[in-house]
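# Architecture at a glance
Listed here are the chains, written in short residue letters.
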Amino acid sequence: MALLEVQNVSFSYDKLNKVIKNVCLSVEEGEYIAVIGHNGSGKSTLAKLFNGLQKPDEGEVIVDGFSVHDKKSEFEIRKRVGVVFQNPDNQLVASIVEDDVAFGPENLGVPRKEIGERINFALSAVGMEKFRHATPTRLSGGQKQRIAIAGVLALKPKILVLDESTAMLDPKGRKEVLDVVNKLNKEQKVTVIAITHYMEEVIDADRVIVINDGEIALSGTPREIFAQKDVIKGYGLELPFSAYIAEKLKQKGVSLKSDILDQTELAEALCALK
Amino acid sequence: MRVEVKNLSFVYGQGAKALSVRALDNVSLTIEEGEFFGIIGQTGSGKTTFVQHLNGLIKVGKDSGSIKIGEYDLSDKKCDFKSLRSKLGMVFQYPEQQLFGDTVFDDVAFGIKNFMPEKNAEETEILVKEALEMVGLDYQKVKDKSPFELSGGQKRRVAIAGVIVTKPEVLVLDEPVAGLDPVGKREFFALLHKLHKSFVKTVIIVSHDMDAVAENCTRAVVFSQGKVVCEGTPKEIFSDLETTNSLGLGFPVTAYLTARLKEVGVDIDSDLTVDGFVNEIMNKLCGGNE
């Protein structure tokens, strides 16, 4: 069985309008998955179903063998699935960075000695060791979001869910967070599920899932997904900006290869025209 | 209305010296009527503190510089801020959080009740209808709905309608597209240009999206640690990517491509908009436009 199994899941907030419709998804350990879809497509609701914040009306979500329907599994699931939301200010709870990072493991009853080790691990993973005794409110947006991620990492989750975690950050802060997430995925084999509106953040994912109207509309590698440019436009999405410029050039008759996704590829293709 | 800021400084927590933070440090800046003006800079660089001064949410302190907007002197204690705010509209981050009315109509009409109490019911209705249609909403369909039953994109439109209902000449927006999907973002900028061609003469926008700044702004300014460190057209600001990188800004894709092509001896001289860039590529690499 895969690490995360979502089987025929449907969900509604009001028992009338289904916002998630018969979604099936299995995520293997170590995968980096990007989830995209227009505002209101159901992405964030899906994220809340992954760790049992919401329970499916129909179907089953199984995390590492534990079902979200089993009340006794709640702690086991929360230990395994960590969620980082959009606004870091809503997720920080303590007045000192190390207390904030310790909050999760303390709640799970992790022994005191081990908590210290986990704080060290989590803060070094996000490159914030120097800020251990700092006050979160005095940090920049990117730094705060890295502390929020550290707080989740201190639970040693197998799956890290990022729900538009970079939306409020400036370009530098966004890069800091993405670099940390990539490193965790590559080096610590943390499974990543990233929900985002930034098409540029999708390019490095192993698999992209397009959600439309509560259903999985498309699934594939970034190249497979963005090759279907008219289809994704129909779902209210767009190409990554570099791919969009390449498209404009091709419409004017410039001969470029068909699957340019990022600015490095486009720069190389343009330099080769010389 | 011309916006003229001279030697503006602002310190948070002035009472407690050890904890005080200098958010603005001797900022001088003139924004001419008609501009689509960008304000960029890292989180914490002073952008929001600056724009909050423009409608008097933060008052200009004693000996802390001056702000003149059209005939309004904001450094003068007798400045009529209410009248200023009807002519300079302010849209904050996540503007949908500003909604409060029972119906969309009430919410949008609040600006008129507040700023133009002389308008009667009939005149109010005309203005509300115009504002909602301007932002692309169907007046009859939405006017009696609760703003809270609308989608995120629609809520944001209602919030904008509530700001433009007094027909402000200057519209100031603090990161208005954060959290919008790509199509929502594109539509939002199209709306801003539509307003800019109509009664809004000057748009001032704070943004972290360098591609959007290059595409939309006639001029921009870069804030760093409370100071203005760079001012000019997007082309001028992004002419040296090492500098913008050191300011933690990132850069538009078109500026990156221009720099890479320069390394191989191709000089692309565009305004950094996608169309401008594409045309230059046609000229320089493909033997002219067809």
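This part covers the overall build of chain A. Within chain A one finds 10 helices and 10 strands. In terms of C-alpha radius of gyration, chain A reaches 20 Å, essentially the compact-globule figure of 19 Å for 274 residues. Considering only C-alpha atoms, chain A reaches an extent of 65 × 45 × 30 Å along its principal axes. When the 274 residues of chain A are sorted by exposure, 49% land in the buried category. The contacts in chain A between residues at least 6 apart in sequence include a share of 64% that link residues at least 24 apart.

Turning our attention to the sheet that holds strand S6 (residues 81-84) of chain A. All names here are of chain A. Spatially, the 6 strands line up as an open sheet ordered S6-S7-S8-S3-S9-S10, and their pairing is mixed. Strand pairing shows two members of the sheet lacking a second neighbour, S6 and strand S10 (215-220), which therefore form its edges. Each adjacent strand pair in this sheet contributes to an overall mean axis angle of 20 degrees, direction not counted. Sheet topology note: the strand S3 (residues 32-36)/strand S9 (residues 207-212) ladder contains 4 bridges and is parallel. Paired with Ala34 across the bridge in S9 is Val208.

Where the parts come together, the accessible area they lose is often given as the size of the interface. All names here are of chain B. In terms of domain boundaries, chain B breaks down into domain 1 (3-251) and domain 2 (252-290). Each of domain 1 and domain 2 was reduced to a C-alpha centroid, and the two centroids are 32 Å apart. Counting residues at the interface gives 9 residues for domain 1 and 10 residues for domain 2. Broken down by secondary-structure element, the contributors of at least two residues to the side of domain 1 that touches domain 2 are helix H8 (210-216) and helix H9 (234-237). Classifying every residue of the side of domain 1 that touches domain 2 by side-chain character gives 6 nonpolar, no polar and 3 charged.

Turning our eyes to something else, we now look at the nonpolar core. The nonpolar side chains of soluble globular proteins are, as a tendency, buried together. Of all hydrophobic cores here, the largest spans 162 residues; its most connected members are A:Val35, A:Ala150, B:Ile39, B:Val108 and B:Ala161. Among the domains, domain 1 (3-251) and domain 2 (252-290) of chain B are the pair contributing at least three residues each to this core.

Residues and elements named next belong to chain A. Take Gly42: it is sitting in the loop between S3 and helix H1 (43-50). When the C-alpha atoms of Gly42 and Ile147 are compared, they prove to be 27 Å apart, with 105 residues separating the residues in sequence. Setting aside anything within four residues of it in sequence, one finds Gly42 in contact with Val19, Ile20, Gly37, Ile211 and Gly214.

Attention now moves to the interface of chain B and chain A. Taken together, the 33 residues of chain B in the interface contact 35 residues of chain A. Every element with two or more residues in the side of chain B that touches chain A is listed here: helix H6 (152-164), helix H7 (182-197), H8, helix H11 (253-263) and helix H12 (274-285) of chain B. Along the lines of polarity and charge, the residues of the side of chain B that touches chain A split into 18 nonpolar, 11 polar and 4 charged.

Moving on to unusual backbone geometry. Residues and elements named next belong to chain A. The phi dihedral of Asn8 is positive, around 45 degrees, even though this residue is not glycine. Structurally, Asn8 is set in strand S1 (residues 4-12). In this structure, Asp213 is a non-glycine residue whose phi angle is positive, near 50 degrees. Exposure remark for Asp213: the 15 C-beta atoms within 10 Å place this residue in the partly exposed category.

Among the residues making up H11(B), those that are buried are B:Val253, B:Thr254, B:Ala255, B:Leu257, B:Thr258 and B:Leu261. Considering only its buried residues, H11(B) is in contact with helix H9 (241-251) and helix H10 (263-273) of chain A together with H8, helix H10 (241-246) and H12 of chain B. Just downstream of H11(B), B:Gly265 is the residue with a positive phi angle, here 90 degrees.

Residues and elements named next belong to chain A. Along H1, the residues that are buried comprise Lys43, Leu46, Ala47, Leu49 and Phe50. The buried residues of H1 all sit within an arc of 160 degrees when viewed along its axis, so they share a single face. Of the residues flanking the end of H1, it is Gly52, one or two places downstream, whose phi is positive at about 80 degrees.

Moving on, we get to the sheet that holds strand S2 (residues 21-31) of chain B. In sheet architecture, strand pairing relies on hydrogen bonds along the backbone and comes in two forms, parallel and antiparallel. All names here are of chain B. In spatial order, the strands read S2-S1-S4-S5; together these 4 strands make up an open sheet with antiparallel pairing. Whereas interior strands pair on both sides, the edge strands pair on one side only; in this sheet they are S2 and strand S5 (72-73). Of the pairings in the sheet, the one linking strand S1 (residues 3-12) to S2 comprises 7 bridges and is antiparallel in character. Directly across from Val11, in S2, lies its bridge partner Arg22. Set on the sheet, helix H1 (residues 47-54) makes contact with S1, S2 and strand S4 (66-69); between it and S2 the angle comes to about 60 degrees.

Quick notes on the rules
- Residues numbered from 1 in each chain as written.
- Chains lettered and ligands numbered in written order.
- Predicted model: local features only at pLDDT ≥ 70, side-chain atom pairs only at ≥ 80, totals over all residues.
- Helix = DSSP H or I, 4+ residues; strand = E, 2+ residues; numbered from the N terminus.
- Rg over C-alpha atoms; globule rule 2.2 N^0.38 Å.
- Buried ≥ 20, exposed ≤ 12 C-beta atoms within 10 Å, placed from the backbone.
- Contact = placed C-beta atoms within 7 Å.
- Pairing = 2+ DSSP bridges.
- Axes fitted to C-alpha atoms, helices over the stretch in contact; angles between N-to-C directions.
- Domains from an automatic or database assignment.
- Nonpolar A, V, L, I, M, F, W, Y, C, P; charged D, E, K, R; others polar.
- Core = buried A, V, L, I, M, F, W, Y, C linked by C-beta atoms within 7 Å.
- Arc of directions from axis to C-beta.

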